[in-house]
Amino acid sequence: MNYLGIENVLFAVIMVLYFLAMGAYFVFVAAKKENMAKVAMLLQGAGFVLHTVALILRGIGAGRLPLTNQYEFATSFAWGLCLVSLVFVVRYRFHVLGAFAAPVIFLIIGYAAMQSKEVHDLMPALQSNWLGFHVSSAIIAYGGFGVSFVLGIIFLMRERMKDQGFLDRHVPSKEKLDLIGYRSVALGLLFLTLCILTGAIWAERAWGSYWSWDPKETWSLVTWLIYAVYLHLRIRRGWNGRAAAIFAVIGFIAVLFTYIGVNTFLPGVHSYK
């Protein structure tokens, strides 16, 4: 069976489903068509299921975990953000979150579409059981931070919204938005910590050193410090609200630079990602 060929077809279908979900969410918010919220979530859910199947087929076709190049990590990044956003949408019945997350998911998978889908053999440094733990934790971490970014944007916009009608029914209070944002940052930081720890162990076995100040390592640490400061100020100083929302937005900019900017402008031992 041509697993990679099927994966390519599914990838195109997934992009269409995510685009349709984004459009349905837009109609839900812009035209205040409440029934479109469920349609959008079903489209996003269908996209997520097919996305999961596509990643599995990619792994079978490549004979390894599909987490070792720009295309694979980008599509997995979109998958992680889709997963975490769906969990939060369902958990808090917060469809407006999906409306803001859907464009981010579509942009990330659009970035994946521009990357080479060619399958290469793993370089020796990547031939390790730590690959799955390290990269998978990064995907969930980035998904959590992506949701916190979206929540930060919604919080900042919520300040300008009037507490009445449609928005009052579908957008939580600023206090609840702040709490959900905090939980998504906590989730992301937990998995980023696991990512850095497993990466350090993997690096010691591959290159004989736990830490080499490679650009990717350095910016992962910078990102970790930004979110760690966020949690410290919140827990120890009661820091929340607008400042916390801005912090979440800045943190995700650091995430994007760690992923895209470092690979583009600061090549190192992680450039293969």
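The text that follows walks through the structure, step by step, so that each part is easy to find. Because the structure is predicted, anything quoted here is derived from the model rather than measured.

A word on the overall build of the protein chain
Per the secondary structure count, the protein chain includes 9 helices and 0 strands. Beginning at the N terminus, the succession of helices and strands in the protein chain can be written as α-α-α-α-α-α-α-α-α. Against the globule reference of 19 Å for 273 residues, the protein chain gives a C-alpha radius of gyration of 19 Å, in line with a compact fold. If one aligns the C-alpha atoms of the protein chain with their principal axes, the spans along those axes are about 60 × 50 × 30 Å. Taking all 273 residues of the protein chain together, the buried fraction comes to 49%. By sequence separation, contacts in the protein chain at least 24 residues apart represent 79% of the contacts at least 6 residues apart. On the protein chain, roughly 12,900 Å² of surface is accessible, and the fraction owed to carbon and sulfur atoms is 67%. Measuring between centres, the 22 positive side-chain charges of the protein chain sit 10 Å from its 13 negative side-chain charges.

Considering the nonpolar core
Counting 68 residues, the largest nonpolar core has Phe94, Leu97, Phe145 and Ile154 as the members making the most contacts within it. Looking at this core, the elements that each hand over two or more residues are α1 (3–30), α2 (35–62), α3 (70–92), α4 (95–113), α5 (130–158), α7 (174–207), α8 (215–237) and α9 (242–265). No other element matches α5, which puts 13 residues into this core. Excluding its chain neighbours within four sequence positions, the residues that come into contact with Leu97 are Ser85, Phe88, Val89, Val147, Val150, Leu151 and Ile154. Ala24, Tyr25, Ala40 and Ala102 belong to the second largest nonpolar core, which has 5 residues in total.

What about the environment of Gly132?
Locating Gly132 in the fold gives a position in helix α5. For Gly132, a relative accessible area of 13% translates into the label buried. The sequence separation of Gly132 and Thr68 amounts to 64 residues, and the corresponding C-alpha distance is 9.9 Å.

Details of the packing of α5 against α7
Two elements in contact, α5 and α7, have axes separated by 7 Å at closest approach and are oriented at 155 degrees. One element, α5, and the other, α7, form an angle in the roughly antiparallel class. Pair α5 / α7 crosses with left-handed handedness. A class-by-class count of the residues in the contact of α5 with α7 yields 21 nonpolar, 9 polar and 4 charged.

Some words on the environment of Tyr92
Here Tyr92 lies in helix α3. Taking the relative accessible area as the measure of exposure, Tyr92 reaches 15% and is therefore buried. Sequence separation of Tyr92 and Asp121 is 29 residues, and the distance between their C-alpha atoms is 42 Å. Sequence-distant contacts of Tyr92, that is, excluding residues within four places in its chain, are made with Lys176, Ile180 and Arg183. Reaching out from Tyr92, the side chain makes a polar contact with the side chain of Arg183 at a distance of 2.7 Å.

Topic: the packing of α1 against α2
Interhelical geometry of α1 versus α2 gives an angle of 160 degrees and a closest axis separation of 8 Å. On the basis of the axis angle, α1 is roughly antiparallel to α2. In terms of crossing hand, the pair formed by α1 and α2 is left-handed. Considering only residue class, the contact of α1 with α2 consists of 28 nonpolar, 4 polar and 2 charged.

Here we look at the side chain of Ser148
Tracing the sequence through the fold places Ser148 in helix α5. Judged by relative accessible area, which is 2%, Ser148 ranks as buried. Polar contacts involving the side chain of Ser148 include one to the main-chain carbonyl oxygen of Phe145, which spans 2.7 Å. With sequence-adjacent residues up to four places away left out, Ser148 is seen in contact with Gly181, Ser184, Val185, Tyr227 and Ala248.

Thoughts on the pattern of salt bridges
Under the defined criterion, the tally for this structure stands at 4 salt bridges. Glu7 is the partner of Arg58 in a salt bridge, and the nearest nitrogen-oxygen pair spans 3.8 Å. Residue Arg58 is found in helix α2, and its partner Glu7 is found in helix α1; the two are separated by 51 residues along the sequence. Arg58 is the partner of Glu72 in a salt bridge, and the nearest nitrogen-oxygen pair spans 2.9 Å. A residue pair is termed long-range when its members are at least 10 positions apart, and Glu72 in helix α3 and Arg58 in helix α2 qualify at 14 residues. Of the two residues examined, Glu72 and Arg58, each falls in the buried class. Here the salt bridges do not stand alone but share partners, grouping Glu7, Arg58, Arg64 and Glu72 into one network.

The rules behind each value
Residues numbered from 1 in each chain as written. Predicted model: local features only at pLDDT ≥ 70, side-chain atom pairs only at ≥ 80, totals over all residues. Heavy atoms only, no water. Helix = DSSP H or I, 4+ residues; strand = E, 2+ residues; numbered from the N terminus. Rg over C-alpha atoms; globule rule 2.2 N^0.38 Å. Buried < 20%, exposed > 50% of the residue type's maximum accessible area, 1.4 Å probe, protein only. Contact = heavy atoms within 4.5 Å. Areas by Shrake-Rupley, 256 points an atom, 1.4 Å probe, with all protein chains shown as cover. Lys, Arg positive; Asp, Glu negative; His and termini not counted. Charge placed at Lys NZ, Arg CZ, Asp CG, Glu CD. Core = buried A, V, L, I, M, F, W, Y, C linked by side-chain atoms within 4.5 Å. Axes fitted to C-alpha atoms, helices over the stretch in contact; angles between N-to-C directions. Parallel < 35°, antiparallel > 145°, perpendicular 65-115°, else oblique. Left-handed = near helix turned anticlockwise from the far one by under 90°. Nonpolar A, V, L, I, M, F, W, Y, C, P; charged D, E, K, R; others polar. Polar contact = N/O pair within 3.5 Å; in protein donor to acceptor, adjacent residues only side chain to side chain. Salt bridge = Lys/Arg side-chain N within 4 Å of Asp/Glu carboxyl O.

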